[in-house]
Amino acid sequence: MIIAQTEIKGVQDVSALFPRHGQGAQYRHDWALFADWCTALEASALPAGPFALARFLGEHPAAQSTQRRRVAAINWVHNASGYPAPGSARVIRQALSARAGKRDDLSRSARGVLLTLPTVGWPQGLFGRRDALILVLNCIVGISATEVGNLQRSDVTYDGKIVTVGGGHALELHPLADNPQCCPVAIYLRWARLQAFFDRYPSNRVLARSLASAHEIAADMVESYGKLPGLREGHDGPLLPSFDQWGHFAALRRDRRGISGKSVTAIVTAHLTGVASASHTRSDPTDRPADVEVEEEGSSSCVDGSENGMDCTSLGPDTLAEQYEAAIARKYADVRALGDLAEAFEDIDRKADAILSRTEELLAQMGMA
């Protein structure tokens, strides 16, 4: 049955095609996305050709299930309007099949990495939990690297069984209770609970102690799927915020941006190629060696061929070697001098912990904890 459609200012209005309930109602958003894209390119949305559809899919990467739903929605509108369905062309079927094969390979590789990522210890447990969620969202679910970084904590919800990824994605993660190491719901919960813990105890030292005392996830472990504490007012922000190599979270960013798409891609690539950094394996957040910067070639202290009025080109090999050793010694001395700051930071952390504990006690006494 062909449903009549109206035309407004040269643009076909197909709103009457979508019922309030049922499968057709779910297609409304997908069709609107396609129609808006065609309007921006001054191309015909109805009818549309298979190559236009293929280009649309290429410029709007998404999970395989999402792409199939988009094709089904566009086909549905065309069929209901009496036009050939562009998604039935061989080129579209081949594109979806090829993409599905690549996505399956990527998912298998990501699941293999998930089995090796740590969930306890400091800061390796922090990095392991974060990277596991990145692999799930980017490699298994199919959200682009940039969109992964743009996700906010409030975009992802959990009803006690299923995790729903909003923010324009409308994806669901279902539990795999028999595989806690690769279960997408469990992986999200481990990260979300860590963020909720940090909301309540905003101290890296407390977070480090919690991760150090946690139990490593094993294949035979029974995962807890209990509900999450509610997101506290004023604590919404990036689902995957930035933090430095020592695990220190960046301050809440007012622009609401999380880890960059470039960083997401680098993390995923490092894990899938087996070259992920092994530097995040220390158990003590303050137990770290001093970093010594090495100047790049051509950036020596000689400017215009001289240092303190001395012509560098006139120095002999022995003199140059002595000056090189002296310069290295000065750099190490500077590093040792800066290393003394660690004690000052330790004292600040201890005082912050004491203030936090006292605050918790006061809140408990007032019944506000």
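Shown above is the structure to which this text applies.
Residues numbered from 1 in each chain as written. Predicted model: local features only at pLDDT ≥ 70, side-chain atom pairs only at ≥ 80, totals over all residues. Heavy atoms only, no water.

## Quick look at the overall build of the protein
Piece 1. The number of helices and strands found in the protein is 12 helices and 7 strands.
Piece 2. At a minimum sequence separation of 6, the contacts of the protein that also span at least 24 residues come to 65%.
Piece 3. When the accessible surface of the protein is summed, it comes to about 21,600 Å², and 55% of that surface belongs to carbon and sulfur atoms. (Helix = DSSP H or I, 4+ residues; strand = E, 2+ residues; numbered from the N terminus. Contact = heavy atoms within 4.5 Å. Areas by Shrake-Rupley, 256 points an atom, 1.4 Å probe, with all protein chains shown as cover.)

## Thoughts on the packing of aromatic side chains
Piece 1. On inspection of all chains with the given rule, the structure shows 7 aromatic pairs.
Piece 2. With a centroid separation of 5.2 Å and an interplanar angle of 75 degrees, the aromatic rings of Phe-127 and Phe-243 are classed as edge-to-face. Here Phe-127 is found in helix 6 (residues 124-141), whereas its partner Phe-243 is found in the loop between helix 9 (204-213) and helix 10 (261-272), with 116 residues between them in sequence. By the burial criterion, Phe-127 is buried, and Phe-243 matches it.
Piece 3. Pairwise contacts between aromatic rings join Trp-31, Phe-34, Trp-37 and Phe-56 into one cluster. (Phe/Tyr/Trp six-rings, centres within 6.5 Å; stacked < 30°, edge-to-face > 60°. Buried < 20%, exposed > 50% of the residue type's maximum accessible area, 1.4 Å probe, protein only.)

## Details of the sheet that holds strand 5 (residues 171-173)
Piece 1. If you walk across this open sheet you meet the 3 strands as 3-4-5, and the pairing is antiparallel. At either margin of the open sheet sits one strand with a lone partner, and together these are strand 3 (156-158) and strand 5. Each neighbouring strand pair of the sheet contributes to a mean axis angle of 20 degrees, computed without reference to strand direction.
Piece 2. Sheet contacts for helix 8 (residues 184-200): strand 3, strand 4 (163-165) and strand 5; angle to strand 3, the most-contacted strand, approximately 105 degrees. (Pairing = 2+ DSSP bridges. Axes fitted to C-alpha atoms, helices over the stretch in contact; angles between N-to-C directions.)

## As for the nonpolar core
Piece 1. Counting residues in hydrophobic clusters, the biggest one holds 49 residues, and the most contacted among them are Leu-114, Leu-137, Tyr-188, Leu-239 and Leu-240.
Piece 2. For this core, the element with the most residues is helix 6, which contributes 11 residues.
Piece 3. Residue contacts for Leu-240: discarding those within four places in its chain leaves Arg-130, Leu-133, Ile-134, Leu-137, Val-148, Trp-191, Gly-258 and Ile-259.
Piece 4. Counting residues in each nonpolar core, the second largest holds 20 residues, with Leu-46, Leu-53, Ala-73 and Ile-74 among its members. (Core = buried A, V, L, I, M, F, W, Y, C linked by side-chain atoms within 4.5 Å.)

## Notes on unusual backbone geometry
Piece 1. Cis geometry marks the peptide bond from Leu-46 to Pro-47; its omega dihedral reads 5 degrees.
Piece 2. Mapped onto the elements of the fold, Pro-47 is located in the loop between helix 2 (28-40) and helix 3 (50-59).
Piece 3. With an omega of -5 degrees, the peptide bond running from Trp-122 to Pro-123 counts as cis.
Piece 4. Mapped onto the secondary structure, Pro-123 falls in the loop between helix 5 (90-114) and helix 6.
Piece 5. With a phi angle near 55 degrees, Glu-42 is a residue other than glycine that sits in the positive phi range.
Piece 6. Looking at the element boundaries, Glu-42 is found in the loop between helix 2 and helix 3.
Piece 7. Residue classification places Glu-42 among the exposed positions, given a relative accessible area of 77%.

## Digging into the environment of Phe-127
Piece 1. You can call Phe-127 buried: its relative accessible area is 7%.
Piece 2. With 119 residues separating them in the primary sequence, Phe-127 and Trp-246 have C-alpha atoms 9.7 Å apart.

## Details of the environment of Gly-166
Piece 1. Looking at where Gly-166 falls in the secondary structure, it is placed in the loop between strand 4 and strand 5.
Piece 2. With 10 residues separating them in the primary sequence, Gly-166 and Val-156 have C-alpha atoms 5.9 Å apart.
Piece 3. Apart from residues no more than four positions distant in its own chain, Gly-166 is found in contact with Leu-151 and Asp-155.

## Some remarks on the packing of helix 3 against helix 4 (residues 64-81)
Piece 1. Running from N to C, helix 3 and helix 4 point in directions that differ by 150 degrees, and their axes come no closer than 11 Å. The crossing of helix 3 and helix 4 is right-handed. When helix 3 is examined against helix 4, the residues Leu-53, Phe-56 and Leu-57 are found in contact with a partner set consisting of Gln-67, Arg-70, Val-71 and Ile-74.
Piece 2. Looking at the contact of helix 3 with helix 4, its residues break down into 5 nonpolar, 1 polar and 1 charged. (Left-handed = near helix turned anticlockwise from the far one by under 90°. Nonpolar A, V, L, I, M, F, W, Y, C, P; charged D, E, K, R; others polar.)

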